[in-house]
Amino acid sequence: QVQLEESGGGLVQAGGSLRLSCAASGRTYSSNYMGWFRQAPGKEREFVAGITWSGGTTYYQDSMKGRFTLSRDNAKNTVYLQMNSLKPEDTAVYYCAVRHVPYGSSRVADFASWGQGTQVTVSS
C-alpha cells in the first residue's frame, strides 16, 4: 500500500505559478508510475501529467505541455508539478496517484492509490 499526500495548492492570479508536491510513503517501489490528475466542479477527473518513478520519463496532456513540468526527488519520495502561466480554466482539485507498474497511463481506472487532493484556484 502506498500513501500519497499532496500539498502546494492555493489561490493565484492568472499568469501566476504554483508548485504542487506529492509525498509518497509506504510501498514506494521503483516500478511505480506516478500521475497527476485534476477535477473541476461538474467535470470528470482528467489526466494532467505522469512520470516513471525510476526512469524519470514524463508524459503530459497536450494542453499542459510547455506550461507544466514534472520532476521527482527519489530521496524524498516526492514528485513535483510545477505549473506556470496558469489560467482560470486550470482551477480544479489536483490529485496525485500511483500505479504499480512502470508503464504510463492516462486512465483513472489504472491507478491504484490516490491522495486526498489539493485545491488550485486561478482568478482572472
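Cut-offs and rules
Along each chain, numbering runs from 1 in the same order as the chain's sequence is written. Predicted model: local features are reported for residues with pLDDT of at least 70 only, side-chain atom pairs are reported and counted for 80 or more only, and whole-chain, interface and lining totals are derived from all residues. Side-chain numbers come from the whole structure's heavy atoms, not from hydrogens or water. Remark: exposure states derive from per-residue accessible area (1.4 Å probe, protein chains only) relative to the maximum for the residue type, with buried under 20%, exposed over 50%, and partly exposed in between. Strands are runs of DSSP state E lasting at least 2 residues, helices are runs of H or I lasting at least 4, and numbering of each runs from the N terminus. Only strands joined by at least two bridges in the DSSP assignment are considered to pair. We define a salt bridge as a side-chain nitrogen of Lys or Arg found within 4 Å of a carboxyl oxygen belonging to Asp or Glu. Two rings belonging to Phe, Tyr or Trp (six-membered ring only in the last case) form a pair when the distance between their centres is within 6.5 Å. Interplanar angles under 30 degrees mark stacking, angles over 60 mark edge-to-face geometry, and anything in between is tilted. Sitting over a ring, as applied to charges here, requires NZ of Lys or CZ of Arg to be within 6 Å of the ring centre and within 35 degrees of the ring normal. By definition, residues are in contact when any of their heavy atoms lie within 4.5 Å. In this analysis, axes come from line fits to C-alpha atoms, helices being fitted only over the stretch in contact, and the angle between any two N-to-C directions falls in the range 0 to 180 degrees.

Caption draft 1: Here's a closer look at the pairing of strand E4 (residues 33-39). Of all the seven residues making up E4, six are buried; the element is thus mostly covered by neighbouring parts of the structure. Two elements, E4 and strand E5 (residues 46-52), share six bridges in a ladder whose sense is antiparallel. Each residue of the ladder has a partner; that of Phe 37, found in E5, is Phe 47. Taken together, E4 and the strand that follows it, E5, pair antiparallel across an intervening segment of six residues, in which Gly 42 is found at a positive phi of about 80°. Sheet topology places E4 next to strand E9 (residues 92-99); seven bridges connect them, and they run antiparallel.

Caption draft 2: Fine view of the pattern of salt bridges. This structure, assessed with the given rule, holds five salt bridges. Salt-bridge contacts for Arg 38 lead to Asp 90; the nearest nitrogen and oxygen are separated by 2.8 Å. In this pair, Arg 38 is assigned in strand E4 and Asp 90 in the loop between strand E8 (78-83) and E9, connecting sequence segments 52 residues apart. With respect to burial, Arg 38 and Asp 90 carry one shared label: buried. Residues participating in the shared-partner salt-bridge network are Arg 38, Glu 46, Arg 67 and Asp 90.

Caption draft 3: How the structure looks around the packing of aromatic side chains. Summed over all chains, the structure comprises seven aromatic pairs. Note on Tyr 33 and Phe 111: the rings are 5.9 Å apart at their centroids and 45° apart in plane angle, and the pair reads as tilted. One end of the pair, Tyr 33, is in strand E4; the other, Phe 111, is in the loop between E9 and strand E10 (113-114), and 78 residues separate them in sequence. Each member of the pair, Tyr 33 as well as Phe 111, carries the same accessibility label: buried. Judged by centre distance (5.6 Å) and plane angle (75°), the ring pair of Phe 37 and Phe 47 falls under edge-to-face. Note that Phe 37 is positioned in strand E4 and Phe 47 in strand E5, a separation of 10 residues in sequence. In this structure Phe 47 comes out as buried when scored by relative accessible area, which is 11%. An aromatic cluster of three or more residues is present, and its members are Tyr 33, Phe 37, Phe 47, Tyr 59, Tyr 95, Phe 111 and Trp 114. One Lys or Arg, Arg 19, reaches over the ring of Tyr 80 and ends 4.2 Å from the middle of that ring. Of note, Arg 45 hangs over the ring of Tyr 95, and the distance from its end group to the ring centre comes to 3.8 Å.

Caption draft 4: Examining the environment of Asn 77 more closely. With respect to the helices, strands and loops of the structure, Asn 77 is situated in the loop between strand E7 (68-73) and E8. For Asn 77, a relative accessible area of 22% corresponds to the partly exposed category. Once you skip the residues sitting within four places of it in the chain, Asn 77 turns out to touch Cys 22, Ala 23, Ala 24, Thr 28 and Trp 53.

Caption draft 5: The arrangement of the sheet that holds strand E3 (residues 18-26) in detail. What the four strands build is an open sheet, ordered E1-E3-E8-E7; its pairing is antiparallel. Each having just a single partner strand, strand E1 (2-7) and E7 make up the two edges of the open sheet. Going across the sheet, the axis of each strand differs from the next one's by a mean of 20°, ignoring polarity. Pairing between E3 and E8: six bridges, direction antiparallel.

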